[in-house]
Every structure is written in C-alpha cells, then in structure tokens.
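Below are the chains, spelled out letter by letter.
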Amino acid sequence: MDQPTLNELHPRRRAAIAFIFVTVVLDMLAFGIVIPVLPHLIEQLAGGGIAKAAWWVGVFSTVFAIVQFAFSPVQGALSDRFGRRPVILISNAGLAIDFFVLALAPTLWLLFVARVVLGMTAASFTTANAYIADITPKEKRAAAYGILGSAFGLGFIIGPGLGGFLGDIHLRLPFWVAGGLAACNFLYGLFVLPESLPKEKRTPRFEMHSAHPLGSLKLLRRYPLVMGLAVVMFLVYLAHYVLQTTFVLYADYRYSWGPQAVGYVLMLVGACDGFVQAVLTRKLAPRFGERRLMLGGMLCGIGSFLVMGIAHTGTMFLLGIPLMALWGLSQPPIQSLMTHQVDPSEQGRLQGAISSLASFAGIFGPFLFAQVFSFSISPASRIHVPGLAFLLSAVLLAVGTVIALRVTRHAGDLAKADAPADTGMGGELSSVVTLQGTVTTPEPPEHSP
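Keep in mind the model is a prediction, meaning the values are calculated, not measured.

A. Representation of the packing of helix H11 (residues 224-255) against helix H15 (residues 331-341) in the model. The contact between H11 and H15 brings their axes to 9 Å, and the two run at 155 degrees. The orientation of H11 with respect to H15, classified from their angle, is roughly antiparallel. Considering only the axes of H11 and H15, their crossing is left-handed. Residue-level inspection shows Leu225, Val226, Leu229, Ala230, Val232, Met233 and Val236 of H11 in contact with H15, the latter providing Gln331, Ile334, Leu337, Met338 and Gln341. Its residues assigned to classes, the contact of H11 with H15 comprises ten nonpolar, two polar and no charged.

B. A look at the packing of H11 against helix H17 (residues 388-407). At a closest axis distance of 9 Å, the pairing of H11 and H17 adopts a crossing angle of 165 degrees. When the axes of H11 and H17 are compared, the pair comes out roughly antiparallel. Regarding H11 and H17, the two cross each other, and that crossing is left-handed. Taken together, the residues that form the contact of H11 with H17 break down as 19 nonpolar, four polar and no charged.

C. View of unusual backbone geometry. Residue Ser256 is not a glycine yet carries a positive backbone phi of 55 degrees. Examined against the element boundaries, Ser256 turns out to sit in the loop between H11 and helix H12 (259-288).

D. Region of the structure containing a nonpolar patch on the surface. There is a patch of nonpolar side chains on the surface, built from Phe71, Trp109, Val113, Val117 and Met120 and spanning about 430 Å² of accessible area. Per-element accounting of the nonpolar patch gives the leading share, four residues, to helix H5 (residues 108-121). Using a relative accessible area of 30% as the deciding quantity, one classes Met120 as partly exposed.

E. Layout of the packing of aromatic side chains. Using the criterion set out here, one finds 14 aromatic pairs in the structure. Centre to centre, the rings of Trp257 and Phe317 are 5.8 Å apart; their planes meet at 85 degrees, and the pair counts as edge-to-face. Taken together, the residues span a long stretch of sequence, with Trp257 in the loop between H11 and H12 and Phe317 in helix H14 (residues 314-327) at a distance of 60 residues. For the residue pair Trp257 and Phe317, the accessibility class agrees, reading buried in each case.

F. Highlighting the environment of Leu329. Turning to its location among the elements, Leu329 is positioned in the loop between H14 and H15. Take Leu329: its relative accessible area is 7%, and that puts it in the buried class. The sequence separation of Leu329 and Met298 amounts to 31 residues, and the corresponding C-alpha distance is 8.0 Å. Setting aside residues up to four positions removed in sequence, Leu329 forms contacts with Val276, Leu280, Thr281, Leu284, Leu293 and Gly297.

G. Examining the nonpolar core more closely. Counting 52 residues, the largest nonpolar core has Trp257, Phe305, Phe317, Met338, Phe390 and Leu397 as its most contacted members. Elements supplying a minimum of two residues to this core: H11, H12, helix H13 (290-310), H14, H15, helix H16 (347-377) and H17. Once residues within four sequence positions are removed from consideration, Phe317 is found in contact with Phe247, Tyr250, Tyr255, Trp257, Met308, Ala311 and Phe390.

What counts, and where the lines are drawn
Residues numbered from 1 in each chain as written. Predicted model: local features only at pLDDT ≥ 70, side-chain atom pairs only at ≥ 80, totals over all residues. Heavy atoms only, no water. Axes fitted to C-alpha atoms, helices over the stretch in contact; angles between N-to-C directions. Helix = DSSP H or I, 4+ residues; strand = E, 2+ residues; numbered from the N terminus. Parallel < 35°, antiparallel > 145°, perpendicular 65-115°, else oblique. Left-handed = near helix turned anticlockwise from the far one by under 90°. Contact = heavy atoms within 4.5 Å. Nonpolar A, V, L, I, M, F, W, Y, C, P; charged D, E, K, R; others polar. Patch = residues over 30% accessible without salt bridge, like charges linked within 9 Å, V, L, I, M, F, W, Y side chains within 5 Å. Areas by Shrake-Rupley, 256 points an atom, 1.4 Å probe, with all protein chains shown as cover. Salt bridge = Lys/Arg side-chain N within 4 Å of Asp/Glu carboxyl O. Buried < 20%, exposed > 50% of the residue type's maximum accessible area, 1.4 Å probe, protein only. Phe/Tyr/Trp six-rings, centres within 6.5 Å; stacked < 30°, edge-to-face > 60°. Core = buried A, V, L, I, M, F, W, Y, C linked by side-chain atoms within 4.5 Å.

Structure, rendered in structure tokens:
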C-alpha cells in the first residue's frame, strides 16, 4: 500500500479507536443510568414492600451474571468467525431494544425476560477488547487497555448521577435515555466502524464446543502464562465485588454516610480511576514495563483494602481511594500480557473467556461478601470487625500478586520494546495503528525484574 493511501486511512483508524471508546462509555453510561431506578421499578412491579423487592433484586443480579457467564464466550467466538464489526453492531442494537422493553415492561416477568436478554447482548466489552488487540501493536496494548479502562470510569462517574436525576422526573425515563444512547451508538458504528479482523485471520468455522464457558477455559489451559493470569484476573474481579456489595451498607454503619455522601464518594472513585487509566497507564507502561506496572498496581490494591478495612473514620477511608485508583494500573498489563500469547484468530475467544471469569465472580462474589459483612457486624459474632470483608479482598489480591509474580517471571515486557510489532492485519487496517494523542512513544527496552 503506497504512502498516500496510508495517509487517507489514518482518519478511519482514529474513528475506529474513538468508536470503541465511545461504545464503552455509552454502554457504561446506559448501565449506570438504570442503577438508581431499577430496584424501585422492581419494587413497583413485584409489590409486597422493600423486603420482597430486595429478594427479586438479588435474583435479577445473579441471573444477569449467569447469563453473561454463558454468553460472553459465544460473542467472542462469533467475532473470531464473522469479524468484530457485525458482533459489536448487533450487540449495540440488542442493547437499545432491551432498554426500550425495560422501559415499557408492564409486568415483573417481562422485566425479568428483558433483563436476561440484556445479559446476552451486553457482552460488547468482550468484542471491544478483541478489537483493540487487533488494531494495536503488542507493545502498546497496555496503554490502549488503559484508555479503554478510563471509559469505564467516565461512564461510572456520569451514569448513576444522571439516572437519579432522570428517575426523579419519571421512574422509566432513564430506561428510555439508555435505549436512545445505545441506538445512537449503533448508528454511529454503522457509518464509521471498519472491520479489524481480515477474513484470512478468522477461524474457519464457528465451533460451539469452544464457545461455551467451559470450552473457552480450554483455550486458557493451552497457554500456561494465560491460565495463570486468568486466575489473577478472577481474583481481581472477585475482590472488586466487596465495593458493589457492602460499600453502601458499610459506609452507613461505620461512618453514617447517607445516599448523598455515598454518591459523592462514588464520583470521586470514578474520577480517580479515570485519571489513572487515561493518563498514568500510558505514561508508566513504557517506562516501567507491563510486569512491574502489574505488580505495583496489585500492591496498591492490597494497600487500599487494608486502609478501608481498618479505617475508623470516614476521612481515613477516603485515603484508600487514591490507592484503589492505582490498583487499576494492574489490569491493563494483565490483559495485554495475555493477548501477547494468543493467536489473532483466537483473540475474541480469549476476551470471551476473560468476561466469563468476571461474570463467574459475579455469580457468588456478592453473596460471599454480604455474608462476611453480616457476620462481622452481627451481635452474635465473636469477632466484631466491620471491615472484615475489605480485609478479605486484600487477602485475595495478595494471593493474586504471588501468582502473578511466579507466572510472569520469564515473561517479556513488550510495552518497552523499541520496535513496533507487526499486527498481522490485512485490508484497510493492515498497517500498525497508533492511538493518536493517547499512546506515548516507547522508550528503549530494559529488562524487567
């Protein structure tokens, strides 16, 4: 391909990167918008008061996690066979339809069915991660995944606050807005998103035996480094559920924080996390390498949960938030190191397997931490440690850090390579793609510890 043609394609590459970023932002925004109102809608449709609604909210959350656990590998395998573009577009269209159904659902069972279908179509993150692996050189993937991670933080900052505001106007309005965002995302991608996986790099056929969750785990077992890091990712996902499950009750019990204070704290968490993912990851990955960045981030995560677990005052608890944001430095390198080991035709299945691990953690993680928190504050308990659930998360991350240290001791740090690797892509995205304005030029290689 001659130079003029390459120059003509640069805007499309930048548009593709922007679309993936916007996809994740809008998806997180759509999910965040409904967080404050979904329990109230369930309460309205279920009847029987808050106690019955709480039981149904637990059922909805568990079933949603199970469905995502089952269907994330399917989306990944479909994208390996048919390409990333159609799977992402279909997922976005499905999200829009599901949110509109949620907005209109007159009965609890229809709301439940829509939530199940939402779990099936909400795995666009899987294909988005595979898309990034397709178009980004190996040595720059940690920074790219950091940028993608900042999209999660941005959506998390805006979504719940916007959802609460819209819910005050009308309980179902957030669902209409979420559906509109997903529909706009579909139309945007329909016109600007190019395919990232050329036909010659795709798998020859769709194999269901490798698309179900257990089949996808066989892919991880073929690569010892990938399998070890998958265990680390699972422990990271599991530890994170202490926040979703116990934070609100813990903050109320220990610091007397009401909904407004909790909302401000969550916005602070999202802002700190977004800064770390968008700015620090791309700056630190070339300087320190993926392995050091991963281990440093894990240590920060351990420190954050220890601080939060022993904090006797709200101010002390807040000191753990910057450490928790720095914990986010560990996840892009883990994901990047895993993609280095896997063939381009299997990147979708790899991301599907990773998403399944996250969903698997979501199946029993909330129950685990809820029970630990309940035990730690129960008058009948011999051990009265309100922060016990956070201390358990610190232990989980400590185990993950030891595993990561062992399995990556011989791994190379491609984030510090000075020669870009060939992405092996064909077609209109055949040359190496750089994240314009987001990825710094790698420094000369050094040996990781």
